[in-house]
Amino acid sequence: MEISFPQQIDTLAHAHAVLVSPAEMKDGLAGAAAALDAAGGGQLRRALASARFEGEAASVVELLAPAGTEATRLLVVGTGDPDKADAAVFEKIGGALAARLLTSGETRLSVDVSGVQAALPLAEAAAHLAHGAALRSWRFDRYRTTMKEKQKPTLVAIDVIGATGAGAWHDRLAAIAGGVARTRELVSEPANIIYPESFVERAMDLAGLGIELTVLDEDEMRTLGMGALLGVSQGSVRPARVLAMRWNGLGADAGKPVLLVGKGVTFDTGGISLKPAGGMEDMKWDMGGAGAVTGAMHALAARKARAHVVGVVGLVENMPDGNAQRPGDVVTSMDGQTIEVINTDAEGRLVLCDLLCWVQKTWSPEVIVDLATLTGAIIVSLGEEYAGLFANEDGLAAQLEAAGRSVDDKLWRMPMGPSYDKLIDSPIADMKNVGGRHAGSVTAAQFLARFIKPGVKWAHLDIAGTVWADKAGTLHDKGATGFGVRLLDRFIADNFETRG
Ligand code: BES
Ligand code: MN
Ligand code: ZN
């Protein structure tokens, strides 16, 4: 989407939108809406009344070929209560407009925000409106070669007029939208296209943003002793990779980085503990954690975040095969702990545990956040609304919850504790990789916790329910949501960035 913030435009011969507040619906239209209403001989007021429009946030009324203007259509969108009209509301407004017009035949939309009352400066509001539209209009049509003309997106440009200085606000948001788009693309691609090596290949251009990339191949992982990760990978013909992405926005005395770690199972068949056929295609997005970490690194680097952050993703394919690991196999992780693999479908934790060992050894971080589509059980607990948050420290949990709330990537804190930890003791090894039928997401988190060194603040986000959406939302179409990118970007911005 081409986004601009012109001072004014010389023609309205395209789709045009104006914002209207609930107060205007009671006391009379003002500003741009009043002018359009007058020009159309009161048509606008009558249309709004028939639609029972009350100015509710992001509700839209549409008039085709409105009288008194050359606009092809006029959209009136509610701001809701101006005191509550914050960044999230303006993103929702932009999202609603984009969703309406994306395949409408319109190519250009101008949104007039002049005089709009909001809970934040108008320039910022305008930038968030455009950001919402950009996020909502992302689609993945790469493999649809026979789409009818009418199904194809038409909207290519949005002008937001009437706010000075919005461009500077928007530059930062455009960097974030770039990260979200990268994540969504990685998540949407099928597993014959995105596998460990091709994932790495696609991430190589991050170097252009100033990110330092390091890749481990299987020989290097073997030397490091990553027996748990390699055990998952051994049934696949696709060799595993670990990709580390380092962004140092602080220069010489950057200090210890914040570590972001992602599960990147590019396809999860379950291995020998094979999953049922129905819905197995969803397991192409079992790399959603790795996708989110990669997109977040993109966002941070693109907006030149003044922070030191390393993103590490573990990329493997979990396949059944003559060489696949068996239930009952015992593997040894990089820190020497032994694991009895009861179920080869509980593979994400096997990948993550070696990554957690490696990042602690390599960067001695004080803070680690991992993201993983780890358990079906978290979907049973929280559905698609919230991701599960597990943390060994309350301050870190609160920082993540707050970041999630402000960008609408919502997190719900889940419990941990020694009685859950007992459930993964094994009679023949240090631990087993599953804890029985109950509290499946918690025992998975307890497994990871066994690899965190004392004193390290660690949080684990189980994003199995939030990576992929069956229905369109306010800021995404159905399919890949990009969950986690905005959350991580905000988490870093609010807690680890020095102000310049
Ligand atoms: N990748 C799955 C979890 C998952 C399920 C993600 C549904 C997204 C949607 C994970 O590797 C897995 O298979 N977990 C098992 C664990 C079980 C064997 C203890 C599960 O949730 O069933
Ligand atoms: Mn699995
Ligand atoms: Zn999995």
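As a convention, each chain's residues are numbered from 1 in the sequence order in which they are written. Chain letters and ligand numbers both follow the written order, the letters beginning at A and the numbers at 1. Predicted model: local features are reported for residues with pLDDT of at least 70 only, side-chain atom pairs are reported and counted for 80 or more only, and whole-chain, interface and lining totals are derived from all residues. Excluding hydrogens and water, the side-chain values take into account all heavy atoms of the structure.

A. Local environment of the coordination of the zinc ion (ligand 3). Here the coordinating atoms are restricted to nitrogen, oxygen and sulfur within 2.8 Å of the metal centre, or 3.2 Å for Na, K and Ca, and because water is not among them the sites may look incomplete. Only Lys-263 (NZ), Asp-268 (OD), Asp-286 (OD) and Glu-347 (OE) from the protein coordinate the zinc ion (ligand 3), and they sit 2.0 to 2.4 Å from it. In short, tetrahedral needs four donors with all angles between 85 and 135 degrees, square planar needs four and octahedral six donors with opposite donors over 155 degrees apart and all other angles between 65 and 115, and whatever is left is irregular. Taken together, the six donor atoms surrounding the zinc ion (ligand 3) define angles of 79 to 174 degrees at the centre, an arrangement classified as octahedral. The motif formed by the donor residues of the zinc ion (ligand 3), counted along the single chain, is K-x4-D-x17-D-x60-E. A gap of 3.1 Å separates the zinc ion (ligand 3) and the manganese ion (ligand 2), which Asp-268 links by coordinating each metal. Here Asp-286, found in the loop between strand 9 (258-268) and helix 10 (288-302), pairs with Glu-347, found in the loop between strand 12 (338-340) and helix 11 (348-363); they are 61 residues apart in sequence, far enough to count as distant. Note on conventions: DSSP H or I runs of at least 4 residues are helices, E runs of at least 2 residues are strands, and numbering of each starts at the N terminus.

B. Summary view of the pattern of salt bridges. Between Lys or Arg on one side and Asp or Glu on the other, a salt bridge is scored when a side-chain nitrogen of the former is within 4 Å of a carboxyl oxygen of the latter. This model, assessed by the stated rule, comprises 31 salt bridges. Taking the shortest distance from any N to any O, the salt bridge between Glu-366 and Lys-256 comes out at 3.8 Å. Highlighted residues: Glu-366 in the loop between helix 11 and strand 13 (367-372) and Lys-256 in the loop between strand 8 (241-248) and strand 9, separated in sequence by 110 residues. Note on exposure labels: buried denotes an accessible area under 20% of the residue type's maximum, exposed denotes more than 50%, and partly exposed covers the range between, all computed with a 1.4 Å probe on protein chains only. Owing to a relative accessible area of 49%, Lys-256 belongs among the partly exposed residues under this scheme. Taken together, the shared-partner salt bridges in this structure form one network comprising Glu-62, Arg-73, Arg-100 and Glu-106.

C. Broad picture of helix 16 (residues 485-495). For helix 16, the tally of buried residues reaches eight of 11 residues, placing the bulk of the element in the interior. Those residues of helix 16 that fall on the buried side of the exposure criterion are Val-485, Arg-486, Leu-487, Leu-488, Asp-489, Phe-491, Ile-492 and Ala-493.

D. Molecular detail of the nonpolar core. Counting 50 residues, the largest nonpolar core has Phe-199, Met-297, Val-369, Leu-400, Leu-461 and Phe-491 as the members making the most contacts within it. Ranked by residue count, the leading element in this core is helix 10, at seven residues. Contacts: residue pairs with any heavy atoms within 4.5 Å of one another. Not counting chain neighbours up to four residues away, the residues in contact with Met-297 comprise Ile-211, Met-245, Arg-246, Trp-247, Leu-260, Val-309, Val-310 and Gly-311. In these notes, a set of buried Ala, Val, Leu, Ile, Met, Phe, Trp, Tyr and Cys residues joined through side-chain atoms within 4.5 Å is what counts as a nonpolar core.

E. The arrangement of the coordination of the manganese ion (ligand 2) in detail. Ligation of the manganese ion (ligand 2) by protein atoms is provided by Asp-268 (OD), Asp-345 (O), Asp-345 (OD) and Glu-347 (OE), these donors lying 2.1 to 2.2 Å from the ion. Around the manganese ion (ligand 2), the six donor atoms sit at angles spanning 71 to 166 degrees, and that spread fits a shape best called irregular. Spacing between the donor residues of the manganese ion (ligand 2) along the chain follows D-x76-D-x1-E. With a relative accessible area of 22%, Asp-345 lands in the partly exposed category.

F. Highlighting the sheet that holds strand 3 (residues 60-64). The strand order across the open sheet formed by six strands is 1-6-5-2-4-3, and the pairing between neighbours is mixed. Both edges of this open sheet fall to strand 1 (2-4) and strand 3, since each of them pairs with a single strand only. Looking at each pair of strands side by side, their axes are set apart by 20 degrees on average, direction ignored. Note that strand 2 (residues 15-20) and strand 5 (residues 108-112) share four bridges and pair parallel. Note on strand 5: the bridge partner recorded for Ala-17 is Val-111. To get an axis, a line is fitted to the C-alpha atoms, and for a helix only the part in contact is used. The angle between two axes follows their N-to-C directions and goes from 0 to 180 degrees. Relative to the sheet, helix 4 (residues 87-101) contacts strand 2, strand 3, strand 4 (73-78) and strand 5, its axis offset from that of strand 4 by approximately 150 degrees. Across the sheet, helix 5 (residues 122-136) lies against strand 1, strand 2, strand 5 and strand 6 (157-161), angled at about 165 degrees from strand 6, the strand it touches most. Two strands qualify as a pair provided that DSSP identifies no fewer than 2 bridges between them.

G. Looking closely at the site of ligand 1. Residues are counted as near a molecule or strand when any one of their heavy atoms sits within 4 Å of it. Taken together, 17 residues sit near ligand 1, with Lys-275, Asp-286, Asp-345, Glu-347 and Gly-376 positioned nearest. Under the rule applied, a polar contact is a pair of N or O atoms within 3.5 Å (in protein, one hydrogen donor and one hydrogen acceptor; residues adjacent in sequence only if both atoms are side-chain atoms). Within the side chain of Asp-345, one N or O atom sits 2.8 Å away from an oxygen atom of ligand 1. In the environment of ligand 1, an oxygen atom lies 2.8 Å from a nitrogen or oxygen atom belonging to the side chain of Glu-347. Computed with the Shrake-Rupley method and a 1.4 Å probe, the accessible areas treat only the protein chains shown as cover for residues. Here ligand 1, which alone exposes 520 Å², has 78% of that area covered by the protein.

H. Focus on the packing of aromatic side chains. Any two of the Phe, Tyr and Trp rings considered here, Trp counted by its six-membered ring, make a pair once their centres fall within 6.5 Å; the pair's planes then place it as stacked at under 30 degrees, edge-to-face at over 60, or tilted in between. Scanning the entire structure with this criterion turns up seven aromatic pairs. Geometrically, the ring pair formed by Phe-140 and Tyr-143 is edge-to-face, given 5.8 Å between the ring centres and 70 degrees between the ring planes. Consider the rings of Trp-358 and Trp-363, whose centres lie 5.4 Å apart with planes at 80 degrees: the pair is edge-to-face. Exposure class is identical for Trp-358 and Trp-363. Each is buried. Clustering of aromatic rings is evident, with ring pairs tying together Trp-138, Phe-140 and Tyr-143. A cation sits over an aromatic face here: Lys-410 above Tyr-386, 5.5 Å from the ring centre. Geometrically, a charge over a ring is one whose NZ (Lys) or CZ (Arg) sits within 6 Å of the ring centre while staying within 35 degrees of the ring normal.

I. Highlighting the packing of helix 4 against helix 5. Two numbers describe how helix 4 lies on helix 5: the axes approach to 6 Å, and their chain directions differ by 45 degrees. When the interaxial angle is binned, helix 4 and helix 5 end up oblique. Every pair of crossing elements has a handedness; the one defined by helix 4 and helix 5 is right-handed. Here helix 4 contributes Ala-87, Phe-90, Glu-91, Ile-93, Gly-94, Gly-95, Ala-98 and Ala-99 to the contact with helix 5, which in turn contributes Ala-125, His-128, Leu-129, His-131, Gly-132, Ala-133 and Arg-136. We call two directions roughly parallel when the angle between them is under 35 degrees, roughly antiparallel when it is over 145, roughly perpendicular when it lies between 65 and 115, and oblique otherwise. Crossing chirality is assigned from the near helix's rotation relative to the far helix, an anticlockwise turn below a right angle marking it left-handed and a clockwise turn marking it right-handed.

J. Highlighting the domain arrangement of the protein chain. Boundaries of every domain are those given by an automatic assignment or by a domain database. Domain boundaries in the protein chain define domain 1 (2-162) and domain 2 (174-495). Between domain 1 and domain 2, the C-alpha centre-to-centre distance is 38 Å. Each partner contributes residues to the interface: domain 1 has 12 residues there, and domain 2 has 18 residues. Here the quantity called buried area is the total loss of accessible area, with a 1.4 Å probe, experienced by two parts when brought into contact, counted for both. Around 1,300 Å² of area is buried between domain 1 and domain 2 when both sides are counted, 58% of it from carbon and sulfur atoms. It is Leu-135, Arg-136 and Trp-138 that lose the most area in domain 1 upon contact with domain 2, and together they represent 46% of the buried surface on that side. Our count for the contact surface shared by domain 1 and domain 2 stands at three salt bridges.

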